[in-house]
Amino acid sequence: AEVLAHLCQSGRQIVCAVEDSALADLMCRRLPTSERAPGKRVTLGANRDGALAVVHEQEIAPLSRRALVLPQRPLSA
């Protein structure tokens, strides 16, 4: 997720396909192009005719830039 986030920051568009819903949510939160832009999660499935179709779309708010950083702890003597 971090490598792809750096690619997004350099102006590239990322399209990422995953099967795990928790990983999909993390990627949507971590990969937006800016702090204000939401990620978009698209779920694909079969329509009535059996063709591949979008069955659900959801915008997911991005994580805080420091959400994955451990807090600094003071050094003990």
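Quick note: structure is the one above.
As a starting point, this report considers the structure included with it.

Parameters and conventions
- Residues numbered from 1 in each chain as written.
- Predicted model: local features only at pLDDT ≥ 70, side-chain atom pairs only at ≥ 80, totals over all residues.
- Heavy atoms only, no water.
- Helix = DSSP H or I, 4+ residues; strand = E, 2+ residues; numbered from the N terminus.
- Pairing = 2+ DSSP bridges.
- Buried < 20%, exposed > 50% of the residue type's maximum accessible area, 1.4 Å probe, protein only.
- Contact = heavy atoms within 4.5 Å.

### Some words on the environment of alanine 61
Then step 1. Along the chain, alanine 61 falls in the segment after strand 2 (52-60).
Then step 2. It is 8.8 Å that separates the C-alpha atoms of alanine 61 and lysine 40, two residues lying 21 residues apart in sequence.

### A closer look at the pairing of strand 2
Then step 1. Pairing geometry for strand 1 (residues 39-46) and strand 2, over eight bridges, is antiparallel. Each bridged residue has a counterpart across the sheet, and for leucine 44 the counterpart in strand 2 is valine 54.
Then step 2. What sits between strand 1 and strand 2 in their antiparallel hairpin is a turn of five residues, with glycine 50 showing a positive phi close to 90°.

### Some details on the environment of methionine 27
Then step 1. Within the secondary structure, methionine 27 is located in helix 2 (residues 21-30).
Then step 2. Look at methionine 27 and you get buried, because its relative accessible area is 10%.
Then step 3. Note: C-alpha distance between methionine 27 and arginine 41 (14 residues apart in sequence) is 9.0 Å.
Then step 4. When sequence neighbours within four positions are dropped, the list of residues in contact with methionine 27 reads Ala1, Leu4 and Cys16.

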